[in-house]
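Structural features, examined
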Amino acid sequence: MQLYNTLGRRKEEFIPLRPGKAHIYVCGITAYDYCHIGHARSALVFDVLVRHLRQSGLDVHFVRNFTDVDDKIIKRANEEGRDWREVAETYMAAFHEDMDRLGVLRADEEPRATNYIPQIQSLCARLIEAGRAYATPSGDVYFRVREYGPYGKLSGRSLDDLQAGARVAPGEEKEDPLDFALWKAAKPGEPFWESPWGKGRPGWHIECSAMSEPYLPLDIHGGGQDLVFPHHENEIAQSEAACSCELARFWVHNGFVQINAEKMSKSLGNFKTIRDILASWLPEALRFFLLGKHYRSPIDFSPEGMEEAEKGLQRVYTSLLEARKALERTSWKKTPLPAAMQEEWAALPAAFAAALDDDLNTAQALGQVFSQVRIVNRLLEEKALRVSEAGRDLLQDFLARARQWEASLGLFGQDPAAFLADLRTMRATRCQLDLGRVEELLHMRAEARATKDFARSDALRDALLQMGVSVRDTPEGQTWDME
Ligand SMILES: [Zn+2]
């Protein structure tokens, strides 16, 4: 597999450091609020990376941490008059709920900062011992950035650039404005742990270095693009200065999510949590939408984009449903399939895998899925092919391939009829459609048809159309969808 490495800024062949095994560490959330769509994207990108590497036969060990003590958590707890631990527990549970709905697999390990205090303190002590860090009289511990030669290698920033914007805040006892905190002395009323430097709590960066240490060197360290600097740069400095080994072979970062072409922020009022979105859209539609673009490109969330995603899913699930129906017959003819169709069909799984092997190009992999759906639809439309043994084999193969897609992408794994029914309900909810009234009109129309009262049946069809509902008559009865 070719994977883009932020360290070096180019695609490189991914070769696991230990044969057959890969250690992946991704920075998780700070648990002080509900997850937004940017968190969803990051979680999905690494979910698909893990799934794909597992599908390729690797034994993947996947770690994603929780930051469960932090300024933001303490601030929120104080604002709400709650215990900071309770705030962190609330939003860690919400993270699991949201990610489960999106089909994000649980990590193999989910370490929390507060469970790693001894390891964090030991790492601070080793860095002080090595002269890489120092404790101040008031009990903070800082990393000496200027004396760490490789600093800036991930983000490409030079010390001079950083120096220009750096200031020591009043009351800080830093030797140099560039130095960053490993351990923070507790302010009154804040949570604290006893330490050799007095009562305090860990800085944000040090926790990831402590939690990833058992697995060094990592094959892949990942996170959102916003973590490259300073978080990941600082993780590298801490871990590599303390262990004299590489922290991670590959650094993988996903791009931003914008909302209607604007940066998402609370102040712009366009902030979208996963929960906001899932009130109006199916989780699988959000998953499909976010995987529809290459993970390094920015992606623009919009209702139009989500509608496109729904249509894409509808196309695949409709073909899966029709294929299942076609496979219900018991007698089959000997007609062969056209050679070109056979050839194209045989080549597509390799093209799907190749797309994911090319820096996890999910957009292209989805394109390969649609090429397969087109072949299936062509086959289903031609009776001679649909009832042939060769056609049956292809349709069975289609269903098996859909299980592969679900394993790699986490898409197309639901029961097709159930998905299509959920989609219809979700669309109806968005249009505030009166579902009870629709059922009533459909029932009346079925009765009219039974008594061959076609004028009334047509009038009822028009009434439904007025509500935005189109009715179709099939051998199994009426079906409907939103116009
Ligand atoms: Zn981290």
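Residues numbered from 1 in each chain as written. Predicted model: local features only at pLDDT ≥ 70, side-chain atom pairs only at ≥ 80, totals over all residues. Heavy atoms only, no water.

Another aspect to go through is the packing of aromatic side chains. Applying the stated criterion across every chain yields a total of 17 aromatic pairs. Ring centres of Tyr134 and Tyr142 lie 5.9 Å apart, and the angle between their planes is 40°; this geometry places the pair in the tilted category. Side by side, Tyr134 and Tyr142 carry an identical accessibility label, which is buried. Measuring from centroid to centroid gives 6.2 Å for Phe288 and Phe370, while their planes differ by 75°, and the two rings are edge-to-face. (Phe/Tyr/Trp six-rings, centres within 6.5 Å; stacked < 30°, edge-to-face > 60°. Buried < 20%, exposed > 50% of the residue type's maximum accessible area, 1.4 Å probe, protein only.)

It is worth spelling out the coordination of the zinc ion at this point. Protein coordination at the zinc ion: the donors are Cys27 (SG), Cys208 (SG), His231 (NE2) and Glu235 (OE), at 2.1 to 2.3 Å from the metal. Of note is the zinc ion, whose four donor atoms meet at the metal with angles of 78 to 127° in an arrangement that counts as irregular. Spacing between the donor residues of the zinc ion along the chain follows C-x180-C-x22-H-x3-E. Here the residue Cys27 occupies a position in the loop between β3 (21-26) and α1 (37-55), and His231 occupies one in helix α7 (residues 228-243), the gap between them amounting to 204 residues. A single burial state applies to Cys27 and to His231, both of which are buried. (Donors = N, O, S within 2.8 Å, 3.2 Å for Na, K, Ca; no water. Tetrahedral: all angles 85-135°; square planar, octahedral: opposite > 155°, others 65-115°. Helix = DSSP H or I, 4+ residues; strand = E, 2+ residues; numbered from the N terminus.)

Before going further, it helps to spend a moment on the domain arrangement of the chain. Here the domain parsing of the chain yields domain 1 (2-263), domain 2 (304-418) and domain 3 (432-482). The straight-line distance from the C-alpha centre of domain 1 to that of domain 3 is 57 Å. (Domains from an automatic or database assignment.)

Between side chains of opposite charge, a pair can form as their charged atoms come close. Inspection of the entire model under this criterion finds 42 salt bridges. Among the ionic pairs, Asp47 bridges to Arg287, the shortest N-O distance being 2.7 Å. Placement of Asp47 in helix α1 and of Arg287 in helix α9 (residues 283-291) is noted, with a sequence separation of 240 residues between them. Accessibility expressed as a relative area gives 2% for Asp47, which makes it buried. With a relative accessible area of 1%, Arg287 lands in the buried category. Of the charged contacts in the structure, one is a salt bridge between Asp108 and Arg54, with a shortest N-O distance of 3.0 Å. Within this pair, whereas Asp108 is found in the loop between α3 (84-101) and α4 (117-129), its partner Arg54 is found in helix α1, the two being separated by 54 residues in sequence. Bridged by salt links that share partners, the residues Asp33, Arg76, Glu80, Arg82 and Glu86 form one connected network. (Salt bridge = Lys/Arg side-chain N within 4 Å of Asp/Glu carboxyl O.)

Okay, unusual backbone geometry next. Leave glycine aside and you will find that most residues have negative phi; peptide bonds, for their part, are mostly trans. A cis amide bond, omega -10°, links Leu216 with the succeeding residue Pro217. Residue placement: Pro217 occurs in the loop between α6 (204-212) and β9 (218-224). Along the chain, Phe229 connects to Pro230 via a cis peptide bond; the corresponding omega equals 0°. For Pro230, the position within the fold is in helix α7.

Quick look at the side chain of Glu235 now. Assignment of secondary structure puts Glu235 in helix α7. Lys153 provides the closest opposite charge to the buried, unpaired Glu235, separated from it by 12 Å. In terms of polar contacts, Glu235 uses its side chain to reach the side chain of His221, at 2.6 Å. A polar side-chain atom of Glu235 sits 2.8 Å from a polar atom in the side chain of His231. In contact with Glu235, not counting residues within four places along its chain, are Cys27, His205, Cys208, Ser209, His221 and Leu247. (Lys, Arg positive; Asp, Glu negative; His and termini not counted. Polar contact = N/O pair within 3.5 Å; in protein donor to acceptor, adjacent residues only side chain to side chain. Contact = heavy atoms within 4.5 Å.)

Between its first and last C-alpha, helix α11 (residues 339-357) extends 28 Å over 19 residues, near the 27 Å set by a 1.5 Å rise per residue. Most pronounced at Leu348, the bend in α11 amounts to some 30°, and the proline Pro349 follows within four residues. All of the buried residues in α11 are Met341, Trp345, Leu348, Phe352, Ala355 and Leu356. Of the surrounding elements, those touching the buried residues of α11 are α1, α12 (362-381), α13 (383-386) and α14 (389-409). Positive backbone phi, at 55°, marks Asp359, one or two positions downstream of α11. (Expected span 1.5 Å × (residues − 1). Bend = angle between axes of the 7 residues up to and from the residue.)

With respect to topology, three strands assemble into an open sheet ordered β12-β11-β13, the strand pairing being mixed. Two strands in the sheet have a free side with no partner beyond their single neighbour: β12 (262-263) and β13 (299-301). With two bridges connecting them, strand β11 (residues 257-259) and β12 associate as antiparallel partners. Looking at β12, one finds that Gln258 is bridged to Lys263. On the sheet, α1 packs against β11 and β13 and is oriented at approximately 150° with respect to β11. (Pairing = 2+ DSSP bridges. Axes fitted to C-alpha atoms, helices over the stretch in contact; angles between N-to-C directions.)

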